[in-house]
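Tertiary structure, described
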Amino acid sequence: MQQFESIIKLKSFLTASHVEEIAVQSLDLTGIESLMLNITFSKCLFLGCTMSENLQHHLLPENFIFPVLDVPFNTYPSQLYSKEILYNNFNRHKPETYFKTLDKVVYDYYKKTQENLSIKDTLAQRLHDHSITDSLHEYIAGFDERKLVAIMGGHKLKRTDNMYFQIVSLSKLLTEKGYLMLSGGGPGAMEATHVGAWMAGKSDIELQQAIATLSVAPNYSDEKWLPSAFEVMEQFPEPKFDSLGIPTWHYGHELPTPFATKIAKYFENSVREEGLLAIAKGGVIFTPGSAGTFQEVFQDLAQNHYESYGYASPMIFLNKNFWTNERPIFPIIQQMSNRGDLMNLNLGLYDKNEEVVEHLLQFSE
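Residues numbered from 1 in each chain as written. Predicted model: local features only at pLDDT ≥ 70, side-chain atom pairs only at ≥ 80, totals over all residues. Heavy atoms only, no water.

Topic: the pattern of salt bridges
Taken as a whole, this structure holds 12 salt bridges when the rule is applied. We note a salt bridge from Arg92 to Glu231, for which the minimum N-O separation is 3.8 Å. Linking Arg92 in the loop between α4 (83-86) and α5 (102-115) with Glu231 in helix α10 (residues 225-235), this pair joins segments that are 139 residues apart in sequence. Taking the relative accessible area as the measure of exposure, Arg92 reaches 21% and is therefore partly exposed. The residue Lys281 makes a salt bridge to Glu145 at a minimum N-O spacing of 3.6 Å. Taken as a pair, Lys281 in the loop between α11 (269-279) and β11 (283-286) and Glu145 in the loop between α6 (119-140) and β7 (148-152) lie far apart in primary sequence, 136 residues in all. By relative accessible area, Glu145 is classed as partly exposed at 34%. (Salt bridge = Lys/Arg side-chain N within 4 Å of Asp/Glu carboxyl O. Helix = DSSP H or I, 4+ residues; strand = E, 2+ residues; numbered from the N terminus. Buried < 20%, exposed > 50% of the residue type's maximum accessible area, 1.4 Å probe, protein only.)

Points about a negative patch on the surface
A cluster of acidic residues, Asp351, Glu354, Glu355 and Glu358, forms a negative patch on the protein surface. Mapped onto the fold, Glu358 is located in helix α15 (residues 353-364). (Patch = residues over 30% accessible without salt bridge, like charges linked within 9 Å, V, L, I, M, F, W, Y side chains within 5 Å. Areas by Shrake-Rupley, 256 points an atom, 1.4 Å probe, with all protein chains shown as cover. Lys, Arg positive; Asp, Glu negative; His and termini not counted. Charge placed at Lys NZ, Arg CZ, Asp CG, Glu CD.)

Quick look at the packing of aromatic side chains
Scanning all chains against the criterion turns up 21 aromatic pairs. Ring centres of Tyr87 and Phe90 lie 6.3 Å apart, and the angle between their planes is 55°; on these two criteria the pair is classed as tilted. Exposure class is identical for Tyr87 and Phe90. Each is buried. In this structure an aromatic cluster arises from ring pairing among Phe73, Tyr81, Tyr109, Tyr110, Trp249 and Phe267. Between the NZ or CZ atom of Arg146 and the centre of the ring of Phe363, over which it lies, the distance is 4.5 Å. The ring of Tyr179 carries the charged tip of Lys147 above its face, separated from the ring centre by 4.3 Å. (Phe/Tyr/Trp six-rings, centres within 6.5 Å; stacked < 30°, edge-to-face > 60°. Lys NZ or Arg CZ within 6 Å of the ring centre and 35° of its normal.)

Read these as spatial facts, not as claims about activity.
Put into structure tokens, the structure is as follows:
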């Protein structure tokens, strides 16, 4: 089914007297109403479109019209989010302006709906997430799937920690080698992933300057966490490369990193986690974390064992001491793989970024 998310493209397409099986998403149709009234439509989808009662009557009952629901977000977003959309009207000099941003307004709504879920709210949230998934797959279709690499790790990782800088440097290097870097789109290790991608193509001195600016607010709960991020983006505007963050309002107290140039934000966390691991076909890099990271390890393990998405991708564990001694998960996985209890695994355990890059390049090229 052909989709239209641009009024210009839709108008150019409407040249026949009969149109069948197209999807029109979040468009204001009032400007082309006279054109549409002279065309018969059948089996078409109109999702969240603005139209008159006259046009609606013309389209029914041969087509499917999904109305705009009374919620504080677009039920049928036709594109991924960006910092400009989620952090609209945010002023880094006035941190309290965050409370008026779309991200905060939607999070407050989400928390309230969890207290008393209604069919309207659950439907609106599922329709939203469906549209985000559609936009997500449309976006990544332009990339070599073996160049899609995710970094997982703890959300509490401080900006002043050595591991934070290592992740930034690794992501910067991989971005410069043509990889699209993915993460859960939040703070800590996730933010480091997108800082690295944002600074790709910049000098080491510029990178150090950016880290120094961020270091005034080491923790994601610090008041200056978000303002310092916007300060860095003002110092180094217009990044040369994209990166993709996939956060969720389920963990809305963890602000989404604005360094991700493309943001696929979901309501349903399970859909978000499954989707993130599924599209990272170029590999997943696991950095030190806690329960959430461990869950992602075993979820990715199952996907690779069963080759759920066509083939197994690299599972790389960064920081040997953490994954073999502090949290001895890697030896168990390695042992089970060696004796055939787990199949199809492509494992790596490293301390150095160069080793990680070499492993991923061998897989993707």
